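# Structural features, examined
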Amino acid sequence: MDPSLIPPPLADYVLDDAEEWEYFGEGAANVLYRYVGTDPFFGPYLLRLRKRLPGAPTTQQLHAYLHSRWGPLLDSYLLKTEIVKLGINIIPDLNSMLAMGDADEATDWSGRPVKPPKKRRLLDETESWGLLVEDMSCGNYLYSEMQMQSESMQEDEEMEDVQDDGSDEWKDMAMIEFKPKWLTQSPNAPGNWVLCRTCAVRHMKSAKKQTKGSLCVPGDEDDDLEEEALDFCPLDLSSGDPARIEKATFAILNMENSVMIADPTPPSDDEGDSDTPAAPTLNQKLVKSLENSLVTLLTNFFRTSPLIPLLTKLQSRFGSRGVFTSATLTLMGEKDVLPSEDEIRRACMATGEKYEPVVSDEDDIWTAMTLRDCSLFLKVWVRKRRGRGMEAKIDAKVGDLDLKGGEGGRAVYWRDVERRLRMGGWYSGKGSTRNCRTGQE
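Residues numbered from 1 in each chain as written. Predicted model: local features only at pLDDT ≥ 70, side-chain atom pairs only at ≥ 80, totals over all residues. Heavy atoms only, no water.

## What about empty space enclosed by the protein?
Think of a ball as big as a water molecule: rolled over the atoms, this probe shows where empty space is left. We count it as follows: Here a cavity denotes a set of grid points, spaced 1 Å apart and computed over the protein atoms alone, in which a 1.4 Å probe fits but from which it cannot get out, and a pocket denotes an open set meeting protein on both sides within 12 Å along at least five of seven lines; residues with an atom within 4 Å of a point are reported as lining. Grid points are joined across faces, edges and corners, and a volume is the space filled by probe spheres set on the points. Think of it this way: any DSSP run of H or I at least four residues long counts as a helix, any run of E at least two long counts as a strand, and we number them from the N terminus. Throughout this entry, Asp, Glu, Lys and Arg are counted as charged residues, while Ala, Val, Leu, Ile, Met, Phe, Trp, Tyr, Cys and Pro are counted as nonpolar. The remaining residues, Gly among them, count as polar.
For the structure on display, the rule yields one cavity of 30 Å³ or more. What the largest cavity holds in volume is close to 70 Å³. Lining the largest cavity, in full, are Trp182, Ser186, Pro187, Asn188, Gly319, Gly322, Val323, Ile365, Ala368, Met369, Arg372 and Glu418. With four residues, the single largest contributor to the lining of the largest cavity is helix 12 (residues 365-373). Tallied by class, the residues present in the lining of the largest cavity amount to six nonpolar, four polar and two charged.

Here's what the structure looks like:
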């Protein structure tokens, strides 16, 4: 680990006031908070605090890992992350709010109640550091302070002129979030594969659910595949074929909760007393135009941006031998029969090979699996130029790159998934009309 790659903690900042942070959401290992105080520095960030989980890496370890491992690989695409010192009271105070159920009344970006976890774990009170992560949600820069003051003073018929005065300003109108999954085929797929790894797992789980129920292990990186749109094939996205990329884009945009469109209604305490509908504001026009062109805009982005080819290249580089060791591949031999875990252990002991993956790129399944479980955050900025129509640009970041390890038998589980996919014939297209090689249905 190169220490020169790890940014120092933020100077002159210690977070100690829980009242300045509002619950935003949570995952299995962390809780996110949004800043509601008066210091503008924290506006572009969310505060990420880790839960009390046995064996979990500390915030300092995670911060060092993100920058030393992923900084050189992803460069500007890495979600911006800073580490900040925590005061002694903020974690206990936030835990008290969680325990009192404050988070149970939270809503998501669309105003729907956030479903609390079945068993909530509190924040780790031994932790003295937090992470400030770049906020990729939208609607934070729709209105400048001057524009909001002007809108509160104008009549409805004058608002269009006021907003046109600031029409050159970029406005964060939309955000798309999704997991690209396996942009390359699994190295352990048979030579006659028809379905990619993502689609093969999806169809296997669907069939199991219809019979005896899913056999997946809670917390695995593939647990959410059942909920994704069945038409989203990662190989379409990485194919370079415009028609296949457009098909994948359409499916991604139609996945549940993948798209956030900002509310274009200007903030105001005055509900008005006129029954006459106001003329559409500039923001409302921009939203309407964006909704009509989002598929085209995103398809063009995926076709021209270096991001998807970069992730595809990294997935091909790391874990290129798959989840099996050399001893495993030797045991398989020409018969292509997968050995048991006990057979793998005995073979590794006989050859002196490590049972756990070594650090070389081709054997680094931990980095490989993190790449296949990362999330893409695409923030769409829009502006109206006089006489030039709407312009749009997209900021793209990669997140959810947490350190993975062998806890909970994860490596054993990954191998077991490959066994079930191969032995069950799922890679060969069992129960599906899709051909992921060609993109044909």
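## Quick notes on helix 12
Convention followed: Throughout, exposure labels follow a simple rule: accessible area from a 1.4 Å probe, protein chains only, divided by the maximum for the residue type, with under 20% read as buried, over 50% as exposed, and the rest as partly exposed. Two residues qualify as a contact provided that any one of their heavy atoms is within 4.5 Å of a heavy atom in the partner residue.
Of all the nine residues making up helix 12, nine are buried; the element is thus mostly covered by neighbouring parts of the structure. Inspection of helix 12 places Ile365, Trp366, Thr367, Ala368, Met369, Thr370, Leu371, Arg372 and Asp373 among the buried residues, and these make up the whole buried set. Summarising the contacts, the buried residues of helix 12 are in contact with helix 1 (59-74), helix 9 (307-317), strand 9 (375-385) and helix 13 (410-423).

## Considerations on the environment of Ser137
With respect to the helices and strands, the residue Ser137 is situated in the loop between strand 6 (129-134) and helix 3 (145-153). For Ser137 and Ile176, which are 39 residues apart along the polypeptide, the C-alpha to C-alpha distance reads 8.7 Å. Filtering out sequence-adjacent residues up to four positions away, Ser137 remains in contact with Arg34, Asp172, Met175, Met260 and Lys379.

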